[in-house]
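Listed below are the residues making up each chain.
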Amino acid sequence: MTRPTHAAAGPGPAPAEPHEHWHAQDADGVLAAMDSDAGRGLSRTEAAARLSRCGPNQITGEKPPSVWAMALQQLRDPMNIMLVAVVAVSLLIGELSTAIIVALLVALNIVLGARQELQARASVDALEKMQVPQSKVLRDGEVALVPAAELVPGDIVQLEAGDLVPVDGRIIRSATLEVQEAALTGESAPVAKSAGTLPPGEVAIGDRSNMLFQNTSVTRGTAAVVATETGMQTQMGRIATMLTSVTRTRSPLQKELGSLTKVLGLIAWTAVAFIVIVGAIRGTGLAELLLLGSAMAISAIPTGMPAFVSALLSYGARELAQARAIVKNLTDVETLGSTSAINTDKTGTLTMNEMMVSTLYTGGAWFAVEGEGYRKSGAITSVAGAQVPDFTRLALGLVLDSDATVGDDGSVIGDPTEAALIVLAAKLGVDAEGTRQTYPRLGEVPFDSDYKFMATFHRVRVDGVDHVVELVKGAPDVVLARCVLSGGPLSGRQSPIEEVRSDIEAANERMGRKGLRVLAFAARLVSDDELATLETDPMALTRDLAFVGLAGIIDPLRAEARGAVRTALAAGIDVRMITGDHTVTAEAIGEMLSLGPGAISGRELQAMSDEELARRLPHLHVFGRVSPEDKLRLARTMQQQGLIVAMTGDAVNDAAALKQADIGVAMGSGSEVSKQAARMILTDDDFGTLVRAVEIGRRVYEKVVAYVRYQMTQLLALVLLFVVATVFNINAGVALTPSMVLYLLFFATAVGVIVIAVDPGDPDVMQRAPRDPKVPITNRGAVVSWVVYASVLFLAALVPLVLGPDRPSPTAPSASLTMTFVVMGLGTVFNSLTNRRDPASSLAPPILKALAIALVSVALIVLATQVGFLQRSLLTQPLTGLQWLACIGLALLLPLVVETSKWIRRHRAPGPPAVDALNAVAPGRATAGAARPAASRPLPPAARTPAS
């Protein structure tokens with residue numbers, strides 16, 4: 001076979017397939033293909049040549065975009081381009097203050113938009129940081145410490161317990177080797193490894209028992225490995241390559257606001273052009289035309305929309321932070337609220353990533369073990385009337401036939417599976433350290449994946465007589481094959497194994513179906529004439545054993561996982577579990593969580609075409625033994641079906657899918673790579689926090705919709721006011737001065753945003769179906785409501801401009817222009833109070849806080865008519881009492897119309913969304929049952945909540 005060539009390290013496609021099949025070749029064949037020697041390794045000269053040819057053993061990333069590049073990209077946004085034009089025009093006509101204020105708004109929009117974009121490449125940088133600093137390598141027949149970055153294909157790497165694996169490689173020899181691969185495969189327990197050759201064909205990464213992979217950790221034993229891949233050709237490198245090729249999707253809100261901005265831009269520039277053309281036809285001077293155009297542009301362009309939406313999202317981000325969920329970008333807050341599907345990892349997300357004995361079978365009886373992970377507290381229960389054996393004697397095997405230690409704080413040194421046995425012993429009242437000191441080890445048969453058991457020998461006093469006892473634990477089929485009795489040598493009650501073999505095998509099968517990792521325990525007394533054999537060949541004594549019991553070990557569910565999944569399902573969110581662990585284990589966990597039906601393996605998934613996967617996906621909810629590529633493919637397939645996908649994970653193998661998902665969610669205790677690739681981090685590792693975050697996201701989205709409804713009412717009213725003033729030549733087309741428009745923007749509109757932001761929202765938000773992302777904020781019903789509300793406000797403001805007490809002037813204070821300004825200001829206040837909820841009444845509590853905030857805006861409007869410098873700047877004047885009453889009465893027309901509309905919709909018989917224009921404004925409510933007829937069906941778009 002020809003030796004594969006390695007490209008220089010760097011971003012690019014993974015090499016072709018040959019390196020996928022090292023597991024199917026024997027060790028000598030791999031050594032020959034790599035032109036290496038198991039006894040001498042590579043020469044230093046050859047290693048240097050290969051390093052030059054293949055490149056360093058490093059994960060490399062792309063150069064991140066510069067700050068200026070990000071700023072320029074934000075400046076190209078249509079909204080900001082329009083604002084820049086306003087700045088230029090304002091400077092031309094001498095409106096310096098207006099130009100400065102609008103320029104500051106542009107700068108704010110750019111900063112908010114670009115702040116987080118520079119972190120886009122941080123996930124690959126985190127992979128770089130995971131590189132192992134130094135490794136033991138055989139060079140010229142000598143063991144040398146070599147920087148991990150200088151390892152090359154063909155190097156012979158020596159590993160022992162506690163080491164991180166620096167390369168991908170084929171095992172050429174090993175002893176009792178176990179490796180923790182959770183960071184790559186998601187499997188909770190360490191896996192046994194050996195040098196044996198596997199059958200040819202496709203084998204999942206987690207099942208390649210003769211291969212080691214970069215940045216996994218050795219938990220037991222020793223090994224010598226020939227490096228087959230380094231740098232970007234390793235499995236970690238391939239994940240990095242996937243990360244560089246994944247482009248983050250734009251959030252639903254970004255897409256909707258983008259389309260809304262284009263519509264508003266068209267309206268704004270059309271109105272500006274209309275006003276300027278009409279003015280030019282009438283012979284208006286250039287300065288006056290630019291003043292009109294500037295005032296119209298400021299009125300029509302949603303100058304503060306990006307900043308105000310960012311403020312609302314920032315408010316939501318603070319709420320999320322208080323709930324222990326950290327978002328990296330503000331738009332991710334809204335994306336959470338749109339989530340219609342959650343792809344969750346198992347290990348460390350739904351489960352604790354801590355092994356625990358949950359079931360015992362001994363003496364023909366079943367016992368359940370309670371507790372959480374490595375906590376040493378928990379009861380052991382059984383059905384009433386069951387004979388309870390002497391668990392203290394069983395605990396001898398748990399403690400003495402293991403090497404791990406577990407601290408009272410749950411800290412573990414050694415193998416996690418053995419740690420679970422130590423914790424079980426503690427629950428039985430046995431102190432591991434004291435027991436080991438009392439009964440020291442006389443000999444042992446260390447665990448090896450070839451014979452799949454471990455045996456230790458101890459001198460124990462039983463009934464006043466000292467005995468040497470052999471304690472054995474291992475795979476049930478292997479241990480049972482070496483047993484001749486049942487009951488254990490210390491129990492005093494023994495019977496032939498054939499009488500109970502079928503029961504033991506059935507118990508083992510039952511535990512396996514539940515996804516438990518099963519260990520069998522056995523023991524025997526060593527006679528005096530066998531003690532010599534104990535010294536020379538302890539393996540020969542591991543026969544004629546007495547069966548003691550079975551222990552079923554599982555990575556237990558987090559306490560809050562069941563409730564969180566139940567809440568998500570009630571909210572119409574489809575939950576799927578996608579894990580690198582074995583399918584049978586994943587299916588068992590899925591049943592505990594009451595996920596929908598359907599469980600398949602990664603191999604079955606890979607055999608499906610994209611069309612078949614899309615067709616079967618609604619009926620598949622558990623995916624086991626999947627690869628990073630599978631997770632990425634699932635996320636993309638679901639997005640193509642129109643779902644807003646949240647993906648949780650904590651390991652390196654989750655990184656690409658986390659980045660692809662609409663909202664990637666990493667665990668705070670997870671790998672740095674996953675945290676950098678994700679859009680949100682749960683600092684408490686609580687799946688329930690994600691569900692709470694979705695609830696907050698939904699509330700924030702409702703506030704964004706309320707803000708857009710509020711803002712569009714304002715903008716359209718101003719556009720109508722200026723257009724009508726121009727058409728009929730009212731006050732030379734100047735309905736409001738540019739300073740008035742900006743004053744209202746900062747001291748009325750901005751205060752209204754605060755009123756909307758602090759509103760607590762609907763308490764039943766998680767009883768609705770997810771909103772349909774295909775129904776934009778600018779749906780027909782919403783647009784009609786904007787036009788209706790804006791028309792009312794426009795007419796109210798037009799009345800004093802036309803029928804006011806004096807003749808308005810565009811360059812001098814007048815009562816009529818001041819009254820128009822006041823009506824628009826008070827109308828803005830009432831607009832925020834009434835439109836902060838829909839269709840709920842604005843008079844429903846809590847309302848005092850909203851009124852208190854609104855009074856600030858009212859006070860500032862009053863000051864604008866009373867304070868001298870404000871009068872000069874805005875061209876206002878004091879109003880009489882009757883004029884104030886007239887302004888208040890006109891401004892109250894808007895809340896009267898809005899509240900009447902909401903009252904009608906609340907009392908109208910419920911119908912399909914968007915039956916008519918105003919009814920479509922109300923958020924469509926749907927129970928979980930209506931929106932999600934079965935756990936196996938995703939929400940159809942028609943069942944989701946439209947934007948109001």
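Bear in mind that the values here come from a model prediction, so they are computed numbers and not experimental data. (Residues numbered from 1 in each chain as written. Predicted model: local features only at pLDDT ≥ 70, side-chain atom pairs only at ≥ 80, totals over all residues. Heavy atoms only, no water.)

### A look at the overall build of the chain
Assigned secondary structure in the chain consists of 34 helices and 27 strands. The buried share of the chain, taken over its 948 residues, is 58%. In the chain, once contacts between residues fewer than 6 apart in sequence are set aside, the share between residues at least 24 apart is 73%. Summing over all exposed atoms, the chain offers an accessible surface of approximately 36,300 Å²; the carbon and sulfur share of this is 59%. (Helix = DSSP H or I, 4+ residues; strand = E, 2+ residues; numbered from the N terminus. Buried < 20%, exposed > 50% of the residue type's maximum accessible area, 1.4 Å probe, protein only. Contact = heavy atoms within 4.5 Å. Areas by Shrake-Rupley, 256 points an atom, 1.4 Å probe, with all protein chains shown as cover.)

### Re a nonpolar patch on the surface
On the surface, a cluster of nonpolar side chains totalling about 400 Å² of accessible area is made up of Leu91, Leu96, Ile100 and Leu104. The biggest single contributor to the nonpolar patch is helix 5 (residues 96-114), with 3 residues. Relative to the elements of secondary structure, Leu96 occurs in helix 5. The exposed category is assigned to Leu96, whose relative accessible area is 52%. (Patch = residues over 30% accessible without salt bridge, like charges linked within 9 Å, V, L, I, M, F, W, Y side chains within 5 Å. Salt bridge = Lys/Arg side-chain N within 4 Å of Asp/Glu carboxyl O.)

### Details of unusual backbone geometry
Unlike most non-glycine residues, Asp35 shows phi in positive territory, near 55°. Locating Asp35 in the fold gives a position in the loop between helix 1 (27-33) and helix 2 (44-54). Residue Asp35 is classed as exposed on the basis of its relative accessible area of 54%. Of note in the backbone geometry, Arg324 takes a positive phi value of approximately 70° without being a glycine.

### Re the packing of aromatic side chains
Following the criterion strictly, the structure yields 5 aromatic pairs and no others. Here Tyr451 and Phe453 contribute two aromatic rings whose centre-to-centre distance is 4.9 Å and whose plane-to-plane angle is 50°, an arrangement assigned as tilted. Here Phe453 falls in the buried class, since its relative accessible area comes to 1%. A ring pair is formed by Tyr743 and Phe747, whose centres lie 4.6 Å apart and whose planes are at 55°; its orientation type is tilted. With a gap of 4 residues between them, Tyr743 and Phe747 both fall in helix 27 (residues 738-758), about one helical turn apart. Given the relative accessible area of 34%, Phe747 is considered partly exposed. (Phe/Tyr/Trp six-rings, centres within 6.5 Å; stacked < 30°, edge-to-face > 60°.)

### Looking at the pattern of salt bridges
Inspection of every chain in the model, using the stated rule, returns 31 salt bridges. A salt bridge links Arg50 to Glu46; the nearest nitrogen and oxygen atoms lie 2.6 Å apart. Here Arg50 pairs with Glu46, and both are found in helix 2, just 4 residues apart, close to one helical turn. Among the residues examined, Arg50 registers a relative accessible area of 0% and is labelled buried. Between Arg461 and Asp466 there is a salt bridge, with the nearest N and O atoms lying 3.3 Å from each other.

### Here's the deal with the sheet that holds strand 25 (residues 645-649)
Read across the open sheet, the 8 strands follow the order 8-27-26-25-9-22-24-23; overall the sheet is mixed. Every other strand in the sheet has two partners, leaving strand 8 (325-327) and strand 23 (599-601) as the edge strands with one partner each. The mean angle between the axes of side-by-side strands here comes to 20°, regardless of whether they run parallel or antiparallel. Here strand 23 pairs with strand 24 (residues 622-624) via 3 bridges, running parallel. In the sheet register, Ser601 faces strand 24, and the bridge partner there is Gly624. Those strands touched by helix 20 (residues 583-593) are strand 22 (574-578), strand 23 and strand 24, and its axis lies near 155° from that of strand 24. Running over the sheet, helix 23 (residues 628-640) touches strand 9 (341-344), strand 22, strand 24 and strand 25 and is turned about 160° from strand 25. (Pairing = 2+ DSSP bridges. Axes fitted to C-alpha atoms, helices over the stretch in contact; angles between N-to-C directions.)

### Focus: the packing of helix 26 (residues 687-727) against helix 28 (residues 780-803)
Axis separation between helix 26 and helix 28 bottoms out at 8 Å; the angle between their running directions is 50°. Classified by the interaxial angle, the pair formed by helix 26 and helix 28 is oblique. Crossing of helix 26 over helix 28 shows right-handed handedness. Across the interface between the two elements, Val708, Arg709, Met712, Thr713, Gln714, Leu716, Ala717, Leu720, Leu721 and Val724 of helix 26 pack against Trp786, Val787, Tyr789, Ala790, Ser791, Leu793, Phe794, Ala797 and Leu798 of helix 28. (Parallel < 35°, antiparallel > 145°, perpendicular 65-115°, else oblique. Left-handed = near helix turned anticlockwise from the far one by under 90°.)

### Considering helix 17 (residues 501-513)
Spanning 13 residues, helix 17 covers 18 Å between terminal C-alpha atoms, matching the ideal 18 Å at 1.5 Å per step. Looking at the buried residues of helix 17, the elements they touch are strand 10 (356-362), strand 11 (365-369), helix 16 (476-481), strand 18 (483-486), strand 20 (517-526) and strand 21 (545-554). Immediately beyond the C-terminal end of helix 17, within one or two residues, lies Gly515, with a positive phi of roughly 80°. (Expected span 1.5 Å × (residues − 1).)

### Structural notes on the confidence of the model for the chain
In this model, the chain carries a mean pLDDT of 80, and residues with pLDDT of at least 70 account for 83%. Looking at the elements of the chain, mean pLDDT is at its lowest for helix 34 (residues 928-931), recorded as 34, and at its highest for helix 32 (residues 881-891), recorded as 94. Predicted confidence is poor over residues 1-19, with pLDDT under 50, and the contacts of this stretch with residues over four places away or in other chains come to 40 contacts. Contacts from residues 909-948, a stretch scored under 50 in pLDDT, to residues over four places away or in other chains number 104 contacts. (pLDDT = per-residue confidence, 0-100.)

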